[in-house]
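# An overview of the molecular structure
Each chain is listed here by its residues.
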Amino acid sequence: MKEIIKFSAKTVNLPNEDIDTDQIIPARFLTRQTMVGIGECLFADWRFNKSGEPNQDFILNQPVASDAEILVAGNNFGCGSSREHAPWSLVDYGFRAIVSTSFADIFKNNSLKNGLIPIVVDSEIHQWLFKHPGTKLIVDLKNTEITLENGNSVSFPIEPFARYCLMNGVDQLDYILNHDSEISAYENKQQ
Amino acid sequence: MQTAPKTLFDKIWEQHVVVPETEDTPAILYIDLHLIHEVTTPQAFSLLRENNLKVRAPQKVLATMDHSTPTVPIGSLKDLDIVSEKGPAQQIRDMMQNCEDFGIELYGFDSKRRGIVHIIGPELGATQPGKTIVCGDSHTSTHGAFGALAFGIGTTEVAHVLATQCLLQRKPKTLAVNLNGRLDKGVSAKDIILKIIGQIGVDGGTGHAIEYRGDTVAYLTLEQRMTICNMSIEAGARAGLFAPDQATIEYLHGRPMSPKGVEWDRALRVWKELKTDAAALFNQEVDIDVAALTPMITFGTNPGMVMPIESIIPDHKGNQSFKKALDYMKFESGKPLLNHPIDVVFIGSCTNSRLSDLRDAAKILKGRKVAENIRVMIVPGSQSVKTEAEAEGLDKIFKEAGAEWRESGCSMCIGMNGDTVGSGKLAVSTSNRNFEGRQGSGSRTILASPKTAAASAITGSVQDPRKFEN
């Protein structure tokens, strides 16, 4: 896992509320066996029309979205299906963080395991971001804060262990495997 | 020393803590039962292979194939390529290989016990009170109906559980949903959960485990409780639970994987303790008047956009997401949906494909015909449900009415292998999600109970099942 400490990136706005993981990646793409290239399925039914041509009305197909690596989305992003294909497709497409006022639990968990940072902001910051499309944000995991282009910094909540793993490139599976003796002790006690 | 009063959730949680939670680290939580299927496991098995890891406890894994399996009958695996799309067929073959390589018993195509993972777990008696149960599927919350702590996980976590039988978890908060009164005629468990989601919102349960309580519980069968727990995730909740009671015990008695003999007696003693202490507090409480409920239908593109069947579609009040949802559905604020023409009826999914659901539908469809130009697809939740339904002659009732009767699987709920509603078409569906394109690209979905779906099949329009209940 690559270490993530601090980065600066451009935003793109998708203000729809309750964007579910079926929109992020429709079920027909879940037969993919690997994560490489899965970004082409991201928001497939919004990005492409029925004949497979890019839908120019959709924000990710517009010039303002070029080079954007932070998605600013409406409330309750990532609800619905537990498919990890959702963060995989966002990451493969090029996103490094999602900003919203809230995230669905499973999506948030899945994102943190894939180097995609879910950033919860209050509605005031959220609205400011919507009013400033394509603005630059500095995401700082060390200080758990984002800095807006106007110089304002606000802290964001992040589960401390997930943050540690992201900053140090630690695989969470290795951490559990290191507790093998405790797991065995638990199993023996249950028998 | 007196211990603090605990909720049912607290008790199950504490019994499974391998390493306690600290400020810096989540708890390491032991998982008793891991359900797996073909769609969310391939990358997890790859991860095990890359790291040269084994499955720690193959006997605690229950594997089946449901999401992308075809629901037309196939005699043998050779037929798979004829009836299945290429991607799903490959996924099915990979699942067989993965289970073989890692020593996991698979309820595959040749198994009479195959079915939707959340249907077969309870049916086999693998789902039991007090267990921690996970699956790479958000509707794992279903198993909470038995007083188990059950929740959906991602594929990376599937790998964690395969390799360690454990998960890293922060303890969620608790939400009590108090259900009061008895269901009226023509009203179903599905209507209860749709009402709850409408009331608390699609994120009302985020970060919480729900316990369903109140005097209604005593009147609910385990199958009804499963329908309610199943859609807890649609309110954003991590899990939904009912405390086990006599009905739970009766359901589990004699099931293939239920404890036997002295083990059964021991289990009963343990299960009796699985209830919330009288003085225990929840982080939040919500009250639902079940007696006042009427059949519920959704009108938008998430399960929280729901109303009583006799109502008119609410005003969007300038909310752009709400407006976008109505545009997608081709519906208008201020208009009713009752008698609105439909194209498809789907009765199935992990929410509503158990025997009682099929009986509900059959009672209404018996001796009647589905409307012309309507496609009605009925998909049992498991091969066992299929066999039982056929033994009662339900399949005949469905076929005589003009409905399709299929093999088990997730089918049109997820639309992964040809079972789709069709672009632009409108379905009344007993499934759990009315998201844009959920039932296939361009599909439009109205969620409802099996009774409402069956009534709608007859008239070819959104219909109140109370019209057909005597």
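Residues numbered from 1 in each chain as written. Chains lettered and ligands numbered in written order. Predicted model: local features only at pLDDT ≥ 70, side-chain atom pairs only at ≥ 80, totals over all residues.

### Remarks on the overall build of chain A
Each helix and strand in chain A was counted, giving eight helices and seven strands. Scaling as 2.2 N^0.38, a compact globule of 191 residues should have a C-alpha radius of gyration of about 16 Å, and chain A matches this with 18 Å. Along the first, second and third principal axes, the C-alpha set of chain A runs to 60 × 45 × 25 Å. In chain A, which comprises 191 residues, the share counted as buried stands at 43%. (Helix = DSSP H or I, 4+ residues; strand = E, 2+ residues; numbered from the N terminus. Rg over C-alpha atoms; globule rule 2.2 N^0.38 Å. Buried ≥ 20, exposed ≤ 12 C-beta atoms within 10 Å, placed from the backbone.)

### Here we look at the overall build of chain B
Looking only at helices and strands, chain B has 15 helices and 19 strands in total. Dimensions along the principal axes, computed over C-alpha positions, put chain B at roughly 60 × 55 × 45 Å. Across the 470 residues that make up chain B, the buried fraction comes to 58%. Sequence separation of at least 24 residues holds for 76% of the intrachain contacts in chain B that already meet a minimum separation of 6. (Contact = placed C-beta atoms within 7 Å.)

### Quick notes on the domain arrangement of chain B
Residue and element names in this part refer to chain B. In terms of domain boundaries, chain B breaks down into domain 1 (8–169), domain 2 (173–240 + 270–291) and domain 3 (296–463). When each unit is reduced to the centre of its C-alpha atoms, the spacing between domain 2 and domain 3 is 23 Å. Listed by partner, the interface residues are 16 residues for domain 2 and 17 residues for domain 3. Of all the secondary structure elements, the ones that give two or more residues to the side of domain 2 that touches domain 3 are α7 (189–200) and α8 (222–230). Among the elements that take part in the side of domain 2 that touches domain 3, α7 stands out by supplying six residues, more than any other. Grouping the constituent residues of the side of domain 2 that touches domain 3 by class yields four nonpolar, seven polar and five charged. (Domains from an automatic or database assignment. Nonpolar A, V, L, I, M, F, W, Y, C, P; charged D, E, K, R; others polar.)

### Quick notes on the nonpolar core
All names here are of chain B. Judged by nonpolar contacts, the single largest core of 187 residues is most densely connected at C166, I297, V345, L365, A403 and A457. With seven residues, α7 is the single largest residue contributor to this core. Excluding anything up to four places from it in sequence, A457 contacts V345, L365, V370, A371, I374, V376 and A403. (Core = buried A, V, L, I, M, F, W, Y, C linked by C-beta atoms within 7 Å.)

### Concerning the sheet that holds strand β4 (residues 61–64) of chain B
Residue and element names in this part refer to chain B. Here we have five strands laid out as an open sheet, ordered β5-β4-β3-β6-β7, and parallel in their pairing. Where the open sheet ends on each side, the last strands, each with one partner, are β5 (106–107) and β7 (149–152). Where strand β3 (residues 33–36) lies against strand β6 (residues 132–135), three bridges are found, and the strand directions are parallel. Bridge pairing in β6 links L33 to I133. (Pairing = 2+ DSSP bridges.)

### Observations concerning the sheet that holds strand β1 (residues 17–19) of chain B
Ordered by their spatial adjacency, three strands build an open sheet running β1-β2-β8 (chain B), and the pairing between neighbours is antiparallel. In this open sheet, the two edge strands, each paired with only one partner strand, are β1 and β8 (166–169) of chain B. Strand-to-strand twist across the sheet, computed as the mean angle between neighbouring axes with direction ignored, equals 40 degrees. The sheet contact formed by β1(B) and strand β2 (residues 27–30) of chain B spans two bridges and is antiparallel. Looking across to β2(B), one finds that B:V17 is bridged to B:L29. Docked against the sheet, helix α8 (residues 180–190) of chain A engages β1, β2 and β8 of chain B, running at close to 150 degrees with respect to β1(B). (Axes fitted to C-alpha atoms, helices over the stretch in contact; angles between N-to-C directions.)

### With respect to the interface of chain B and chain A
Opposite the 51 residues of chain B that make contact, chain A presents 40 residues. For the side of chain B that touches chain A, the secondary-structure elements that each account for two or more residues are β1, β2, α2 (42–50), α4 (86–101), α6 (155–164), β8 and α11 (320–329) of chain B. Considering every element that reaches the side of chain B that touches chain A, the biggest residue donor is α6(B), with six residues. Residue composition of the side of chain B that touches chain A, grouped by class: 17 nonpolar, 23 polar and 11 charged.

### Observations concerning the packing of α2(B) against α6(B)
Residue and element names in this part refer to chain B. Put simply, α2 and α6 touch, their axes get as near as 8 Å, and they point 50 degrees apart. Viewed along their axes, α2 and α6 adopt a mutual orientation that is oblique. Handedness of the crossing formed by α2 with α6: right-handed. Contact residues: Q43, A44, L47 and L48 in α2; T155, V158, A159, L162 and A163 in α6. Its residues placed into classes, the contact of α2 with α6 shows seven nonpolar, two polar and no charged. (Parallel < 35°, antiparallel > 145°, perpendicular 65-115°, else oblique. Left-handed = near helix turned anticlockwise from the far one by under 90°.)

### Here's the deal with α7(B)
Helical geometry: 3.6 residues make up each α-helical turn, so side chains three or four residues apart lie on a common side. All names here are of chain B. If you check α7, its first and last C-alpha atoms are 17 Å apart, about what 12 residues at 1.5 Å a residue would give, namely 16 Å. Here α7 lies mainly inside the structure; 10 of its 12 residues are buried. Lining the buried residues of α7 we find β9 (173–180), α8, β12 (284–289), β13 (296–298), β14 (306–308) and β19 (444–447). Following α7 by one or two positions, G201 has its phi on the positive side, about 90 degrees. (Expected span 1.5 Å × (residues − 1).)

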